[in-house]
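So the chains spell out like this:
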Amino acid sequence: MPVAEDLRAPARERTLNPVTDGFGSSARAHEHRLLSAARPALPVLNWLGMFAKPLMKVPGLGWITADPLTARAVLNDPNHFTLLSEGGVGHLWAQILGPWVYELFDGPGHYDLRTRSRELFTEKTSAAFVEHAWHDRLEDARRTFEAGEPLDLADLSRILVGQMVVSLLGLPAGTSSSESTDDAYREIFRTGEELASTALGTTADTVLPPHKIARAREIVERLTGHIDLAFATASGDTIIGRCRELGLTLQETKGLSTLLMVAGTETAASAMARTAALLYDTGEQHRLIEHPEFMEGAVREALRVTSPAPIIGRSVLADLSIGGRELKAGERIVVLTWTANNLAGEYRVDRAYIPQNRQLWFGAGRHLCLGGPLARAELASIVGLLLGDGRPFRVVSRRYGRRVLIPAYESLVVQKV
Ligand code: HEM
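Predicted model, so just to flag it, every value in this text is computed and none were measured.

Draft legend 1. Expanded view of the overall build of the chain. Per the secondary structure count, the chain includes 19 helices and ten strands. Its C-alpha atoms give the chain a radius of gyration of 21 Å, near enough to 22 Å, the size a compact globule of 417 residues would have. If one aligns the C-alpha atoms of the chain with their principal axes, the spans along those axes are about 55 × 55 × 40 Å. Evaluated residue by residue, the chain yields a buried proportion of 57% over its 417 residues. Total accessible area on the chain stands at roughly 17,200 Å², and carbon and sulfur atoms take up 57% of it. Once the 46 positive and 49 negative side-chain charges of the chain are each reduced to a mean point, those two points are 4 Å apart.

Draft legend 2. Representation of the sheet that holds strand E10 (residues 409-416) within the structure. Strand order in the open sheet formed by three strands is E4-E10-E9, with antiparallel pairing between adjacent strands. In this open sheet, the two edge strands, each paired with only one partner strand, are strand E4 (151-152) and strand E9 (393-400). Bridging between E9 and E10 involves seven bridges; their strand directions are antiparallel. Bridging from a neighbouring strand, Arg-398 pairs with Leu-412 of E10. Together, E9 and E10 form the strand contacts of helix H2 (residues 26-38), whose direction differs from that of E9 by roughly 25°. Seen against the sheet, helix H8 (residues 123-146) touches E4, E9 and E10 and runs at an angle of roughly 55° to E10.

Draft legend 3. Fine view of the site of the ligand. Near the ligand there are 25 residues, and of these His-110, Arg-114, Arg-314, His-367 and Cys-369 occur at the shortest range. A distance of 2.7 Å separates an oxygen atom of the ligand from a polar side-chain atom of Arg-114. Contacts to the ligand include His-367, whose side-chain N or O atom sits 2.7 Å from an oxygen atom. Every element with two or more residues in the shell around the ligand is listed here: helix H7 (108-116), helix H14 (250-264), helix H15 (266-281), strand E5 (311-316) and helix H19 (372-387). Here the shell around the ligand gets four residues from one element, more than from any other, and that element is H14. Considered class by class, the residues forming the shell around the ligand number 16 nonpolar, six polar and three charged.

Draft legend 4. Representation of empty space enclosed by the protein in the model. Scanning the model with the defined rule gives four cavities of 30 Å³ or more in all. Here the second largest cavity defines a volume of roughly 50 Å³. If you trace the second largest cavity, you find it lined by Val-74, Leu-75, Asp-77, Pro-78, Phe-81, Thr-82, Leu-83, Asp-106, Arg-314, Arg-366 and His-367. Mapped onto the lining of the second largest cavity, the elements with two or more residues apiece are helix H4 (68-75) and strand E3 (81-82).

Draft legend 5. Spatial organisation of the coordination of the iron atom of the ligand. A lone protein donor binds the iron atom of the ligand: Cys-369 (SG), at 2.3 Å. Its location among the elements puts Cys-369 in the loop between helix H18 (337-342) and H19.

Draft legend 6. A look at H14. For H14, built from 15 residues, the straight-helix expectation of 21 Å at 1.5 Å per residue is met to within 8% by its first-to-last C-alpha distance of 20 Å. The set of residues buried in H14 consists of Glu-252, Thr-253, Lys-254, Gly-255, Leu-256, Ser-257, Thr-258, Leu-260, Met-261 and Val-262.

Draft legend 7. Region of the structure containing the environment of Phe-145. Tracing the chain through its elements places Phe-145 in helix H8. Taking the C-alpha atoms as reference, Phe-145 lies 34 Å from Thr-339; in sequence the two are 194 residues apart. Excluding residues within four positions of it along the chain, Phe-145 makes contact with Leu-151, Leu-385, Leu-386, Phe-393, Val-414, Gln-415 and Lys-416.

Draft legend 8. A look at unusual backbone geometry. Omega for the bond connecting Lys-53 with Pro-54 falls within 30 degrees of zero, at -5°, which places this linkage in the cis form. Looking at the secondary structure, you find Pro-54 in the loop between helix H3 (41-49) and strand E1 (56-58). Despite not being glycine, Ser-307 shows a phi value in the positive range, around 35°. Mapped onto the fold, Ser-307 is located in the loop between helix H17 (295-306) and E5. Phi at Arg-358 takes a positive value of approximately 45°, unusual for a residue other than glycine. By the element assignment, Arg-358 lies in the loop between H18 and H19. You can call Arg-358 partly exposed: its relative accessible area is 44%.

Rules and cut-offs
- Residues numbered from 1 in each chain as written.
- Predicted model: local features only at pLDDT ≥ 70, side-chain atom pairs only at ≥ 80, totals over all residues.
- Heavy atoms only, no water.
- Helix = DSSP H or I, 4+ residues; strand = E, 2+ residues; numbered from the N terminus.
- Rg over C-alpha atoms; globule rule 2.2 N^0.38 Å.
- Buried < 20%, exposed > 50% of the residue type's maximum accessible area, 1.4 Å probe, protein only.
- Areas by Shrake-Rupley, 256 points an atom, 1.4 Å probe, with all protein chains shown as cover.
- Lys, Arg positive; Asp, Glu negative; His and termini not counted.
- Charge placed at Lys NZ, Arg CZ, Asp CG, Glu CD.
- Pairing = 2+ DSSP bridges.
- Contact = heavy atoms within 4.5 Å.
- Axes fitted to C-alpha atoms, helices over the stretch in contact; angles between N-to-C directions.
- Near = heavy atom within 4 Å.
- Polar contact = N/O pair within 3.5 Å; in protein donor to acceptor, adjacent residues only side chain to side chain.
- Nonpolar A, V, L, I, M, F, W, Y, C, P; charged D, E, K, R; others polar.
- 1 Å grid on protein atoms, 1.4 Å probe; cavity = no way out; pocket = protein on both sides within 12 Å on 5 of 7 lines; lining within 4 Å.
- Points joined across faces, edges and corners; volume = space filled by probe spheres on them.
- Donors = N, O, S within 2.8 Å, 3.2 Å for Na, K, Ca; no water.
- Expected span 1.5 Å × (residues − 1).

See the structure below:
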């Protein structure tokens, strides 16, 4: 269906500086407050990123870049950048999971693992995972929401993500009553959050103290201990079963499961509630109701503007010259994905794909997010929940999450108008 010209270039669109114009629009203002509530240093870092043309060295932190092309050049160059040395997330996980991480997270084993797990999350399997894990709970939420009850979407997102973990990893399910089942899923989410928070405060240093390592190992065992027994017989609609069918070993499956927990819980929940807030704050929900064919763009734009993983760290492996700067082996670089993605402008459900950014919100290169299709399917189902009946909603109240690794709403109550 052709897109009307006035929809492609709305009159109220103006070029915003994503950092300094933070309070130029309600949507931007809320995103800014959300980022600073999570980590007060984030807006400062994003602001500094505006001056990194294309790279800048920040004392105590290392190099930063918010230029999409430089960002992709860094993430696509495994000969000069690694996430395994100090400063990278691989180094962090090696201390918790063991030295095999060095082989599997970034070494030759990583390429092999990614090749074999390529089919784990396709558009089709992801839609099926969402349907399988969420159908009943979403229907419950839809019934009360469409009847006019308020809905805390941030809380629901955490429940749904917890439920996805249980479903994907084949963990023993919750109890029979829906209230206590929700609590069981909230608890799983919190556990994933605790594991990921191991990384809090490691922007400048990834050496973990022994007590953090011990606690993280306890959590990993709790979440993946069952895989030893389940591996041989797990069904194909769990990740464990799919991994086995795709030829992954038991150790690879356990490692990947841990990674899914850490990489795919807070990020996904953050995106869900923030998408709802963006649809309301920008008024874009009305255009989406009128033009449901913009659904794909609505989801892509939500991922771009929220960029739930706002920074990606790497270590320099070997000296190189990039963007007119000389980087030395052992230095660190932080890719500011939130800033890089937000330079393109405000949330627009009909904004065309931006070739220069591609899907930088999912990273790039060999570590490009494995769960991208699942995240998109999850977001599409949330937008469907919010607007599926063709009626708009409003945000009744909101609270930003404080001191969290991934910026997110603690609470976002929405209601049909
Ligand atoms: C909105 C949601 C999500 C966002 C914004 C996101 C973002 C990212 C980013 C930026 C990376 C690259 C990190 C780096 O290069 O250091 C990544 C990696 C990864 N993500 Fe996601 N992610 C999301 C959801 C998910 C989900 C739902 C899953 C699976 C359940 C998942 C699984 C992974 C895995 C396994 C990796 C590591 C890939 C590798 O190292 O080869 N992610 N994600």
